[in-house]
Amino acid sequence: MSQQTEQNARTGRGGGAAWALVITSVAGFMAALDNLVVTTALPSIREDLGGGLHDLEWTVSAYTLTFAVLLMFGAALGDRFGRRRLFLVGITIFTGASAAAALAPGIDSLIAARAVQGAGAAIMMPLTLTLLTAAVPVAKRGMAYGIWGAVNGLAIASGPLIGGSLTEHISWQWIFWLNVPLGFALLPLARLRLAESYGTGAPLDIPGTLLASGGLFGIVYGLVRGPADGWTGSLVLTGLFAGGTLLVGFVLYSTRAKNPMLPMRLFRSRAFSGINAASMLMFLGMFGSIFLLSQYMQGVLGYSPTEAGLRMLPWTGMPMLVAPIAGILADRIGSRPVVATGLFLQAAGLAYMASVVAVDVSYAAQLPGLISSGIGMALFFAPASHLVMSSVRASEQGIASGANNALREVGGALGIAVMGSIFSAQGGYETGQSFVDGLRPALVTGAAVVALAGVAALLIPARRRDGQDRAEDPTEQAPEPVLEMAAH
């Protein structure tokens, strides 16, 4: 990182902190929203474009697959060729693919557009945090991460609501058209208002990129196709085995490479490894729960997509209210206790929901679980992002963000796969009672996994006596800029 870029990172000069927050939050919202926005539109898409259940599932899986696989590669490209430059490339690809999806004449072209959408999101998403960090002064990063986390958390949780509302009241094409004006507005703003920054300047790690991308492709493919194709299917087993083998090869290669895409020494830091483990487990429990609960409210309780989304607002809308407060709390007491508290609150909320779900449960009975889960999710996002960015050197923040986002995506895919399998084994869609029979053990599993994420968060080093969270690297003493930036 250049001396000028380091100075910008410390003082916030060069790009405008407020503009950076707006631009990166909107871009993150677009990318996160499209994870689940299609789920409630699938019946309408099938009516218009045709296709079987297998094809419809691929309209969701194609985005998840390319998004997860290319996240670290997108971050590495940004570090090498300029984070703002690649951010603009990512927005352009994402916006163009959104228009192509809205105009898709058939199911195959829609699936292809969704795959390209995921690639664009994979380039721009990890760079949002890096660009925001470079633009915001150290003392104000807690609040900035809080707002950024609130917007991203809202996008993830409200995807089914937004998709269902647009489909119900306008048409399913508008879940994609929504991105187009946002993308066109972001392009000139990002070009004019964001400062350029770079990583270490090391050459691209081609072997590491191929190993990581191939490994993630195999793992995520197996996870997203397992529930539909069967866990003993040849392609599913091949994907999981080959993907796992390639990821092991990636780890072994990265421990010996001169300029690895993801230095394995980062995981020797309890701060970095702890928050990444907590993030993956949290997304596993959260994604699987939202996926099933949104169907429960519609298929069992009889709400329309819009009605179900509105009733989920105590959960999905809570990040907008609480996440900025979480950022301020993290500035004052440290990120670890805020993250851990949020995870345990979310686990308690899911456990409560598991205890009350029934065919005829009242909305009032569900509220405590929705509110607890919402507050917990809101307390997680901002401090977790701060911990990721402060646990590495400034020049490594791009790839650290990419790795964290990739693990989150793997966790989300794993959550839908695991909790979907538990649901299918214990219940099904035949009757309302059979759905509840499958939902209850799935939610218990989600609660246990999120509680385990809370335990992982407690393993993160505590705040130092000088009021800063530890940016621990046992292999060597962190350089002074890292300690100065490690407000969390």
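Throughout what follows, the structure given in this document is the object of discussion. (Residues numbered from 1 in each chain as written. Predicted model: local features only at pLDDT ≥ 70, side-chain atom pairs only at ≥ 80, totals over all residues. Heavy atoms only, no water.)

## Section: the nonpolar core
Okay, so step 1: The biggest cluster of nonpolar side chains holds 135 residues, and the ones touching the most others in it are F87 and Y296.
Okay, so step 2: Looking at this core element by element, the count peaks at 15 residues for helix α12 (residues 270-299).
Okay, so step 3: Contact partners of F87, with chain neighbours within four places excluded, come to I23, A27, M124, L127, T128, L131, A190 and L194.
Okay, so step 4: Grouped together as the second largest cluster of nonpolar side chains are six residues, M318, A326, V338 and L379 included. (Core = buried A, V, L, I, M, F, W, Y, C linked by side-chain atoms within 4.5 Å. Buried < 20%, exposed > 50% of the residue type's maximum accessible area, 1.4 Å probe, protein only. Helix = DSSP H or I, 4+ residues; strand = E, 2+ residues; numbered from the N terminus. Contact = heavy atoms within 4.5 Å.)

## Comments concerning helix α6 (residues 107-135)
Okay, so step 1: Here α6 is 29 residues long and its end C-alpha atoms lie 41 Å apart, about the 42 Å a rise of 1.5 Å per residue gives.
Okay, so step 2: Roughly 30 degrees is the biggest bend found in α6, and it falls at T128.
Okay, so step 3: Extensive coverage of α6 is indicated by the burial of 24 of its 29 residues. (Expected span 1.5 Å × (residues − 1). Bend = angle between axes of the 7 residues up to and from the residue.)

## Considering the packing of aromatic side chains
Okay, so step 1: Counted by the stated rule, this structure contains five aromatic pairs.
Okay, so step 2: With centroids separated by 6.4 Å and ring planes inclined at 25 degrees, the aromatic side chains of Y296 and F435 adopt a geometry described as stacked. On the criterion of sequence distance, the pair formed by Y296 in helix α12 and F435 in helix α19 (residues 432-458) is long-range, its members being 139 residues apart. The pair formed by Y296 and F435 is uniform in burial state, with each residue classed as buried.
Okay, so step 3: Over the ring of Y303 we find R311, and its NZ or CZ is 4.2 Å from the ring centre. (Phe/Tyr/Trp six-rings, centres within 6.5 Å; stacked < 30°, edge-to-face > 60°. Lys NZ or Arg CZ within 6 Å of the ring centre and 35° of its normal.)

## Some points on the packing of helix α5 (residues 83-102) against α6
Okay, so step 1: Packing of α5 against α6 leaves a shortest axis separation of 7 Å and a crossing angle of 150 degrees. Here α6 runs roughly antiparallel to α5, going by the angle between their axes. For α5 against α6, the interelement crossing comes out left-handed. Contacts between α5 and α6 involve R83, R84, L86, F87, G90, I91, I93, F94, A97, S98, A100 and A101 from the first element and L110, A113, V116, Q117, G120, A121, I123, M124, L127, T128, T130 and L131 from the second.
Okay, so step 2: Considered class by class, the residues forming the contact of α5 with α6 number 16 nonpolar, six polar and two charged. (Axes fitted to C-alpha atoms, helices over the stretch in contact; angles between N-to-C directions. Parallel < 35°, antiparallel > 145°, perpendicular 65-115°, else oblique. Left-handed = near helix turned anticlockwise from the far one by under 90°. Nonpolar A, V, L, I, M, F, W, Y, C, P; charged D, E, K, R; others polar.)

## What to know about the side chain of S372
Okay, so step 1: Mapped onto the elements of the fold, S372 is located in helix α17 (residues 363-390).
Okay, so step 2: Excluding anything up to four places from it in sequence, S372 contacts L345, Q346, A348 and G349.

## Some details on the packing of helix α16 (residues 335-356) against α17
Okay, so step 1: Running from N to C, α16 and α17 point in directions that differ by 155 degrees, and their axes come no closer than 7 Å. Considering the angle they form, α16 stands roughly antiparallel to α17. Two packed elements cross with a definite hand, and for α16 against α17 that hand is left-handed.

This is a description of form; function is not addressed.
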